[in-house]
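These are the residues of each chain, in order.
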Amino acid sequence: MANQSTVTSFIFEGFSSNRGLQSGLFVVFLMDYLLTLAGNFAIVIVVQVDFQLNKPMYFLLSNLSFLDICYTTSTIPNMLSGLFQEIKRISFIGCFLQFYFMFSLGTTEYFLLTLMGYDRCLAICKPLHYHKLMSSRVCRQLTVSCWVVGFLWVVTPITLISQLPFCGPNIINHFLCDRGPLIILSCKRDYITEVTFFTFGTVLNVCTFLFILVTYIYIINTILKIPSAVGRRKAFSTCASHLIVVSLFFGSVMFMYMRPSGKNSLSQDKVVALLYTVVIPLLNPLIYTLRNKEVKEALTKVLTKVLKNQ
C-alpha cells in the first residue's frame, strides 16, 4: 500500500461530539459486542462438542458464527475506543487493513450463506443422495474455498483505492474505513477504481443472490410436492432461519454497495453500516438457535453440564 499522498492518518467523524451521547453509545455497543461474542462462541463450541450436530448444516453454521466473531472484532473494538477519544485517529495502513478485513470477511459471508442455501437445497431436493453429494469431506472443501476466495476477491479493488492520492482533508465522515468516504477524500477522481470496485461488488451480489434464488425455487417446488402439511412445515422450517439471515445481510449490503458513492448519502450509510456490522452478527445466533430444536437442545445439555460441574 505504498502511496505518494501526504496523508499518513485519517480522523473519524464518528456519530456525535456530545459526551453524554458517546457514553450511552459506548454502553450499547459494548453490550452488543459482548452478546455477539457470547452467542456466536456458544454455537461454535456446541457444534464442536455435541456429536449429534456433526452434520454439514451445523458445520457451516459454526463457520458463520466464527466469521461473525471476526467480522465484529474488525470494527467494533476500534469504534468503542474512538468514543472516548476527542480525536478518533487511525493510521493510513491501519485504515486499509480494517477496510480489507471487513470486506474480506463480508465477502466470505456471501459465499458461506450461498453454500448454506445449496446445502439446504440438496437436503430437501435430493435427500437420498445428500450424504454423498454433501459429505463431510466435500463440505469442508467447499467451506475452505469460501474463505480463500473471500479473502482474494477484494484484493484488487482495495489495492486500487489504497493507491489513490490522499492530500487532505483527512476527516472521514464515518465510524470505519469504507469505500464511499475514502473515494470522496481522494484528491483525484479515478473512474477506473470506482468502476472496478462497483463491478466486483455487483458481480458478487448478483451471482450469489441469483444462485440462492434458484436454490429456493427448487426448494419451494419440492416442498409443495410433499403430501402432508406436517412434512411441508418441517421442510420449510429448516430453511426459514437461513432465509431471514440472507434477507437481512444481502438487503443491507446491496443497498450500500450497489449504488454510486456520494457525499449526500454518507449519513444514511452510517445507519446501514451499523445494521450489518453491529446488529446482524448479534441476530444471527439468535435466529438460528430460537428456530432450531437440535441447537437449543445441545445448548441446554452443555449449559447443564457446566452448571453441574460448578
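Before reading on, note that the structure itself is shown above.
Throughout, a residue's number is its position along its own chain's written sequence, starting from 1. Only residues with pLDDT of 70 or above have their local features reported here, since the model is predicted, and side-chain atom pairs are shown and tallied only from 80 upward, although totals for entire chains, interfaces and linings are computed over all residues. No hydrogens and no water enter the side-chain calculation; it runs on all heavy atoms of the structure.

Draft legend 1. Main features of the overall build of the protein chain. Numbering of helices and strands runs from the N terminus; a helix is a DSSP stretch of H or I covering at least four residues, while a strand is a stretch of E covering at least two. Helices and strands together make up the secondary structure of the protein chain, namely 12 helices and 3 strands. Relative to the compact-globule value of 19 Å for 310 residues, the protein chain shows a C-alpha radius of gyration of 21 Å, a close match. Structurally, the protein chain occupies a C-alpha span of about 65 × 50 × 30 Å along its principal axes. The classification of residues rests on relative accessible area computed with a 1.4 Å probe and restricted to protein chains. Under 20% of the type maximum is buried, over 50% is exposed, and intermediate values are partly exposed. Counting across all 310 residues of the protein chain, residues that qualify as buried make up 48%. Counting only contacts in the protein chain whose residues sit at least 6 apart along the sequence, the fraction spanning at least 24 positions is 82%. Reported accessibility uses the Shrake-Rupley method at a 1.4 Å probe radius. Residues are deemed covered only where the shown protein chains occlude them. For the protein chain, the computed accessible surface area is about 15,500 Å², with 68% contributed by carbon and sulfur atoms. It is over C-alpha atoms that the radius of gyration is taken, and the globule rule equals 2.2 Å times the number of residues to the power 0.38. It only takes one pair of heavy atoms within 4.5 Å for two residues to be counted as in contact.

Draft legend 2. View of the packing of aromatic side chains. Each pair of aromatic rings taken from Phe, Tyr and Trp, with Trp reduced to its six-membered ring, is defined by centres within 6.5 Å and is described as stacked if the planes are under 30 degrees apart, edge-to-face if over 60, and tilted in the remaining cases. Counted under the stated rule, the structure contains 21 aromatic pairs. With a centroid separation of 5.8 Å and 25 degrees between ring planes, the pair formed by Phe10 and Phe92 is classed as stacked. Taken together, the positions of Phe10 in strand S1 (residues 9–12) and Phe92 in helix H4 (residues 92–125) put the pair 82 residues apart, joining distant regions of the chain. Comparing Phe10 with Phe92, the two get one shared label, buried.

Draft legend 3. View of the state of the cysteines. Defined by distance alone, a disulfide is two cysteine sulfur atoms within 2.5 Å. This model, assessed by the stated rule, comprises 2 disulfides. Paired by a disulfide, Cys95 and Cys177 hold their sulfur atoms 1.9 Å apart. Taking the sign of the S-S torsion, -130 degrees for the link of Cys95 and Cys177, the bridge is left-handed. Here the residue Cys95 occupies a position in helix H4, and Cys177 occupies one in the loop between strand S3 (171–172) and helix H8 (179–185), the gap between them amounting to 82 residues. Exposure class is identical for Cys95 and Cys177. Each is buried. Two residues, Cys167 and Cys187, share a disulfide whose sulfurs are 1.8 Å apart.

Draft legend 4. Structural detail: the pattern of salt bridges. A pair is scored as a salt bridge if a Lys or Arg side-chain nitrogen falls within 4 Å of a carboxyl oxygen belonging to Asp or Glu. Applying the stated criterion across every chain yields a total of 3 salt bridges. Across the salt bridge formed by Asp50 and Lys301, the nearest N and O atoms sit 3.3 Å from each other. On the criterion of sequence distance, the pair formed by Asp50 in the loop between helix H1 (19–49) and helix H2 (56–73) and Lys301 in helix H12 (residues 293–309) is long-range, its members being 251 residues apart. By relative accessible area, Asp50 is classed as buried at 7%. The class of Lys301 is partly exposed, set by a relative accessible area of 39%. The salt bridge partner of Arg120 is Asp119, with a shortest N-O separation of 2.9 Å. Like Arg120, the residue Asp119 is buried in the burial classification.

Draft legend 5. Examining the sheet that holds S1 more closely. On the basis of which strands lie adjacent, the open sheet formed by 3 strands has the order S2-S1-S3 and mixed pairing. Lying at the two open borders of the sheet, with one neighbouring strand each, are strand S2 (88–91) and S3. What makes two strands pair is DSSP finding at least two bridges between them. Note that S1 and S3 share 2 bridges and pair parallel. The residue of S3 that forms the bridge with Phe12 is Ile172.

Draft legend 6. Up close: the side chain of Thr108. Relative to the elements of secondary structure, Thr108 occurs in helix H4. The exposure class assigned to Thr108 is buried, which follows from its relative accessible area of 0%. Setting aside residues up to four positions removed in sequence, Thr108 forms contacts with Leu67, Cys146, Trp147, Gly150 and Phe151.

Shape descriptors only; they carry no functional weight alone.
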